[in-house]
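A structural walkthrough
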Amino acid sequence: MVFEYILKQNGMDPQKDLSIDQSIDFGSTAAAFAGDSSSDFTVEFEPSATALEKEGTGHVVASLGVDSGYVPYTSYSARTSYIEKNPEIIQRFVNGLQKGVEFVQQHTPEEIAAVIAPQFPETDEDTLTTIVKRYYDQDTWKENLIFEQASFELLQDILEGAGELSERAAYEELVTTEFAEKAAK
C-alpha cells in the first residue's frame with residue numbers, strides 16, 4: 001500500500017503504468033526476485049534488501065520510508081478502560097520503550113548491531129551494522145514515541161487510497177500521546 005501510495009504521489013497509476021505481482025508470499029519475495037530475470041524491482045524489508053545487495057542480485061534504489069514520510073508502522077493499543085485503570089503500567093511500558101529509542105539515538109550503528117544481534121541469528125553482525133547505518137542515514141527512527149497527527153493522517157491517506165479505509169477516524173478520539181509526552185521529557 002505504501003509503495004502504491006508513493007507511485008500515485010509521483011503521478012503513476014499502479015494499475016496502468018506497471019505490473020505488480022502480489023501473489024508471492026511476503027517472506028519469499030527476495031528469493032523470487034533473485035531467481036526471476038523478468039522482474040525489475042522488488043519491495044523488501046530488512047534484512048532481505050541488504051542480503052540482495054550482498055549477494056549481488058539487487059541494489060537498494062529507494063526507501064519507502066523516506067519517500068512516504070513517517071508512516072506509523074508500529075503502534076500499541078489498549079482499551080480506554082485499561083488505560084484508565086492502569087495508567088502507571090502504561091507509563092512504565094512507554095518509559096521503557098522511550099529508553100530504547102534514546103539508546104538508538106545515543107549509540108553507533110556498530111553498538112546497536114551488537115545489541116540486537118541475538119534477535120537476528122540468521123544475519124551476521126556486519127549486515128546488521130549496514131542496515132542500522134542505512135536507517136540512521138535515512139532518519140528512520142524518531143527521537144520520541146509521540147504519535148503525531150500528521151503521521152496518523154498519512155496512514156489514513158494510504159489506507160484510503162488503497163481502498164482499505166471507508167471512513168476516517170478522528171485523531172483525538174483514537175490517539176493519546178500523554179504517556180509518550182511524559183516519557184520524552
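Bear in mind the structure is a predicted one, so any value in this text is a computation, not a measurement. Per-chain numbering applies: the sequence of each chain, read as written, is numbered from 1 onward. Totals for whole chains, interfaces and linings use every residue, but because this is a predicted model, local features are given only for residues with pLDDT of at least 70 and side-chain atom pairs only at 80 or more, for both listing and counting. Side-chain numbers here rest on the full set of heavy atoms in the structure, without hydrogens or water.

1. What about the overall build of the chain?
- Going along the chain from the N terminus, every DSSP run of H or I of four or more residues is numbered as a helix, and every run of E of two or more is numbered as a strand. Looking only at helices and strands, the chain features 11 helices and 0 strands.
- Moving toward the C terminus, one meets the helices and strands of the chain in the order α-α-α-α-α-α-α-α-α-α-α.
- Any two residues whose heavy atoms approach within 4.5 Å at even a single point are treated as in contact. In the chain, 55% of the contacts between residues at least 6 apart in sequence involve partners at least 24 apart.
- Note on areas: these come from Shrake-Rupley sampling with a 1.4 Å probe, and a residue is covered only by the protein chains present in the view. On the chain, roughly 12500 Å² of surface is accessible, and the fraction owed to carbon and sulfur atoms is 51%.
- Side-chain charges of the chain comprise 13 positive and 34 negative groups, with the mean position of each set lying 9 Å from the other. Just so you know, the count uses Lys and Arg for positive and Asp and Glu for negative, and it drops His and the chain ends. For this purpose, a charge sits on NZ of Lys, CZ of Arg, CG of Asp or CD of Glu.

2. A look at the packing of aromatic side chains
- Centres within 6.5 Å make a pair out of two Phe, Tyr or Trp rings, where for Trp the six-membered ring is used; the pair is then stacked when the planes are under 30 degrees apart, edge-to-face when over 60, and tilted otherwise. All told, the structure shown has 7 aromatic pairs when counted by the stated rule.
- When the ring of Phe147 is compared with that of Phe152, the centres are 5.9 Å apart and the planes differ by 70 degrees; the resulting orientation is edge-to-face.
- Clustering of aromatic rings is evident, with ring pairs tying together Phe26, Phe45 and Tyr73.

3. Section: helix α1 (residues 2–9)
- Partly exposed residues are those whose accessible area sits between 20% and 50% of the maximum for their type, while under 20% is buried and over 50% is exposed, using a 1.4 Å probe and protein chains only. Buried residues of α1: Val2, Glu4, Tyr5, Ile6 and Leu7, and no others.
- On the buried face of α1, the contacting elements are α4 (64–68) and α9 (149–161).
- Looking one or two residues past α1, Gly11 carries a phi angle of roughly 80 degrees, positive in sign.

4. Let's talk about the environment of Ile131
- Topologically, Ile131 is positioned in helix α8 (residues 125–137).
- For Ile131, a relative accessible area of 7% translates into the label buried.
- Considered as a pair, Ile131 and Pro47 are 84 residues apart in the sequence and their alpha carbons are 7.2 Å apart.
- What Ile131 contacts, discounting residues up to four positions off in sequence, is Glu46, Pro47 and Thr50.

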